[in-house]
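The lines below spell out each chain.
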Amino acid sequence: MSPFDQPIDRRHSDSIKWSKYAGRDVLPLWVADMDFAAPPAVIETLHRRIEHGVFGYGGPWPSLTESVLAHLEGEYQWRIEAEWIVWLPGLVTGLNVACRAVDGEILTATPIYPPFLSAPHFSGRKLNRAELACTDDGWRFDHAALQAALTPATDLFLLCHPHNPVGRCWSRDELLELAALAEANDFIVCSDEIHCGLILDADKPDKRHIPFASLSPEAAKRSITLMAPSKTFNIPGLGCAFAVIPDASLRHRFEHAMHGIVPHVNVLGLAACEAAYRDSGDWHRELIGYLRGNLDLVIATVNREKAPKMKSVEATYLAWIDVRELGLAKPAAHFEAHGLGLSDGADFGAPGWLRLNFGCPRSTLEEALNRFTIACRAA
Ligand SMILES: Cc1ncc(COP(=O)(O)O)c(C=O)c1O
């Protein structure tokens, strides 16, 4: 039995995932956190930090910074300088700050994690969108659509890498093409790499995570990379993330946009970050194996049905499912009525699609997939 098989009751906890359907028999497979305990090294570190008893304002310390540098170099062969790091309480904060740090228009590729659609608006910036192409070989950037959505005022591209919700781990060639577009049109790329530790196809050499900024010095110069241990090690509630911004002037613009609105990072999150990056490699390897098993189950279930469809998921624990052929007026509500809480594709700019979070014990997933099948057949 895997430690990930152990169900943990979150129903009467602070979990927003589980409290959404409190009192109803609906399995929540929506918001992107997993129903697994954090790695033992993280939990032990948090106990030690709690024992200290003093929780004043905190900031990073040398061994924490070292753990980030070593993690990025060890996992992605990406060497960064300590001063390129800007600590943040979350990635969504980083997306909003990036939008405030530029003057012009913003471009992104849809479907996309909803804060990519709201951050430009909250920041008083115009958002232009290009649809990704859903091809027989999977999701791809549509370069004609990107060109058409680009304007001379475009200053920033919001990249999701790996992509939530379509699960792509963009290849070096795809990233190089984007970097060339950025160079030719002089825009910055803000690359949200929160899911970079969740490459499920890691056995294939082309399915490594390649940070956008690691492509070349030119790409680095026009990059803001957002990362966190939160998704991979299941600690998003601890509020700890960081931006890596190699270019000093861009970094100062970003820091300036943070002034007065972005608080210090939670000291427990900082402590957890070091333990996750330095001491949780075995837990991480086991997690990836477990998620692959869960993904196989999701694919087998979806493919057994006639109507819903999905492309392969290279990264994340999120399956992006096309249910348009079921002909449902309100797909998410239909699945909820059959006991399954999924994310509504409309929020991602794609009505008729649903996102299913398979980061849960196998027994929960099996029950959820039974309900999924019943809901499909009842449509
Ligand atoms: C692509 C992406 N960015 C950011 C976040 C949220 O980041 P945070 O909780 O650090 O604000 C998520 C959570 O699902 C995500 O999928």
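Calculation criteria
Residues numbered from 1 in each chain as written. Predicted model: local features only at pLDDT ≥ 70, side-chain atom pairs only at ≥ 80, totals over all residues. Heavy atoms only, no water. Domains from an automatic or database assignment. Contact = heavy atoms within 4.5 Å. Buried area = accessible area lost by both parts, 1.4 Å probe. Salt bridge = Lys/Arg side-chain N within 4 Å of Asp/Glu carboxyl O. Polar contact = N/O pair within 3.5 Å; in protein donor to acceptor, adjacent residues only side chain to side chain. Buried < 20%, exposed > 50% of the residue type's maximum accessible area, 1.4 Å probe, protein only. Helix = DSSP H or I, 4+ residues; strand = E, 2+ residues; numbered from the N terminus. Pairing = 2+ DSSP bridges. Right-handed = clockwise from strand over helix to strand, strands pointing away. Axes fitted to C-alpha atoms, helices over the stretch in contact; angles between N-to-C directions.

Peer 1: How should the domain arrangement of the protein be read in this particular structure?
Peer 2: By a frequent convention, interface size equals the accessible area lost on bringing the separate parts together. Here the protein is partitioned into domain 1 (3-31 + 281-377) and domain 2 (54-279). When each unit is reduced to the centre of its C-alpha atoms, the spacing between domain 1 and domain 2 is 25 Å. Of the residues lining the interface, 24 residues belong to domain 1; the matching set on domain 2 comes to 32 residues. Summed over both partners, the interface of domain 1 with domain 2 comes to about 2,400 Å²; 61% of that surface belongs to carbon and sulfur atoms. Of all residues in domain 1, the largest losses of buried area upon contact with domain 2 belong to Lys-311, Glu-314 and Phe-348, amounting jointly to 29% of the total for that side. Counting the contacts that link domain 1 with domain 2 gives two salt bridges. In this structure, the salt-bridge partner of Lys-207 is Glu-314, at a minimum N-O distance of 3.5 Å. The interface formed by domain 1 and domain 2 holds 13 residue pairs in polar contact (both at pLDDT 80 or more) in total.

Peer 1: What's the story with the pairing of strand 7 (residues 154-160) in this structure? I'm lost.
Peer 2: Extensive coverage of strand 7 is indicated by the burial of six of its seven residues. Pairing between strand 3 (residues 105-110) and strand 7: four bridges, direction parallel. Each residue of the ladder has a partner; that of Thr-108, found in strand 7, is Leu-158. Running through helix 7 (residues 172-185), the crossover from strand 7 to the neighbouring parallel element strand 8 (residues 188-192) is right-handed.

Peer 1: Just to check I follow, could you spell out the sheet that holds strand 2 (residues 85-88) for this structure?
Peer 2: Strand pairing in a sheet is mediated by backbone hydrogen bonds. Such pairs are either parallel or antiparallel. In space, the seven strands of this open sheet follow the order 2-10-9-8-7-3-4, with mixed pairing throughout. Edge strands, defined here as strands with exactly one partner in the open sheet, are strand 2 and strand 4 (127-131). With strand direction ignored, the average angle separating the axes of adjacent strands in the sheet is 20°. Across three bridges, strand 9 (residues 223-227) lies against strand 10 (residues 241-244) in antiparallel orientation. Each bridged residue has a counterpart across the sheet, and for Thr-225 the counterpart in strand 10 is Val-244.

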